[in-house]
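The residues making up each chain are set out below.
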Amino acid sequence: MNIGIIVYSQTGNTLSVAKKLEEKLSAAGHSATVKQVKVVGERKQGDRDFRLETLPDAGPYDALVFGSAVEAFSLSPVLTAYLKQIESLQGKKVACLVTQFFPYPWMGGNRAIRQMRKLCESKGATVCGSGVVNWAKWRCEKTTAAAVDRLSRLF
Ligand SMILES: Cc1cc2nc3c(=O)[nH]c(=O)nc-3n(C[C@H](O)[C@H](O)[C@H](O)COP(=O)(O)O)c2cc1C
């Protein structure tokens, strides 16, 4: 399968999980590519006043994984803006990934996933699964491995 992993990652956490997933999917025989959503200039943490600069094209892929940080118990406004401007995800299988600082998914991660799922479904995607990575020290390794494993099995 041709899988695009499209992430917004301000400090590199989500990107690092995306790269692990890319490796795992490639090792399983898929064509997997990480692409980053970027904003113009430096974005201050939490800033809602930004312009999207790099808009990866979701069109070429059979399946997609979208990834982002949790910000203020919600999906990052940058990935939200990116997903809103996508024309269609009709016929695409999609999985959702978020990383968050707090140790448990109910501390914002689950809500961000629900928001991402809704946006993807509104564009016609079939959302087949999700993963939340908790960056707090004692949970990071375990939740990264679990999310990468779960997401890689979806395709
Ligand atoms: C403005 C802002 C708000 C945040 N809000 C939350 C939050 O509500 N819950 C949480 O667990 N982590 C929160 N975080 C932490 C990030 O979700 C976490 O560090 C994430 O892994 C960063 O991903 P990135 O490096 O890919 O940008 C917030 C970070 C920022 C900058």
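Here, every reference points to the structure presented above.
Residues numbered from 1 in each chain as written. Predicted model: local features only at pLDDT ≥ 70, side-chain atom pairs only at ≥ 80, totals over all residues.

1. Some remarks on the overall build of the protein chain
Reasoning step 1: Scanning the protein chain from N- to C-terminus turns up 4 helices and 8 strands.
Reasoning step 2: Principal-axis analysis of the C-alpha atoms places the extent of the protein chain at approximately 35 × 35 × 25 Å.
Reasoning step 3: Looking at the protein chain residue by residue over its 155 residues, the buried ones come to 42%.
Reasoning step 4: Long-range contacts, defined here as pairs at least 24 residues apart, represent 72% of the contacts in the protein chain between residues at least 6 apart. (Helix = DSSP H or I, 4+ residues; strand = E, 2+ residues; numbered from the N terminus. Buried ≥ 20, exposed ≤ 12 C-beta atoms within 10 Å, placed from the backbone. Contact = placed C-beta atoms within 7 Å.)

2. Focus: the nonpolar core
Reasoning step 1: Among the nonpolar cores identified, the biggest contains 43 residues, and Leu64, Val65, Phe66, Val94, Cys96, Leu97 and Cys120 are the most heavily contacted of them.
Reasoning step 2: Elements represented by at least two residues in this core include exactly strand S1 (2-7), helix H1 (13-27), strand S5 (63-71), helix H2 (77-85), strand S7 (93-100), helix H3 (109-122), strand S8 (126-134) and helix H4 (137-152).
Reasoning step 3: A total of 6 residues in this core trace back to one element, the largest contributor, which is S5.
Reasoning step 4: Non-local contacts of Leu64, meaning those with residues more than four positions away in its chain, are made with Ile3, Gly4, Ile6, Ala58, Lys92 and Val94. (Core = buried A, V, L, I, M, F, W, Y, C linked by C-beta atoms within 7 Å.)

3. Focus on the environment of Val65
Reasoning step 1: Looking at where Val65 falls in the secondary structure, it is placed in strand S5.
Reasoning step 2: What makes Val65 buried here is the crowd of 29 C-beta atoms within 10 Å.
Reasoning step 3: The spatial distance from the C-alpha of Val65 to the C-alpha of Gly4 is 6.3 Å, given a sequence separation of 61 residues.
Reasoning step 4: Not counting chain neighbours up to four residues away, the residues in contact with Val65 comprise Ile3, Ile5, Leu21, Ala95, Leu97 and Leu151.

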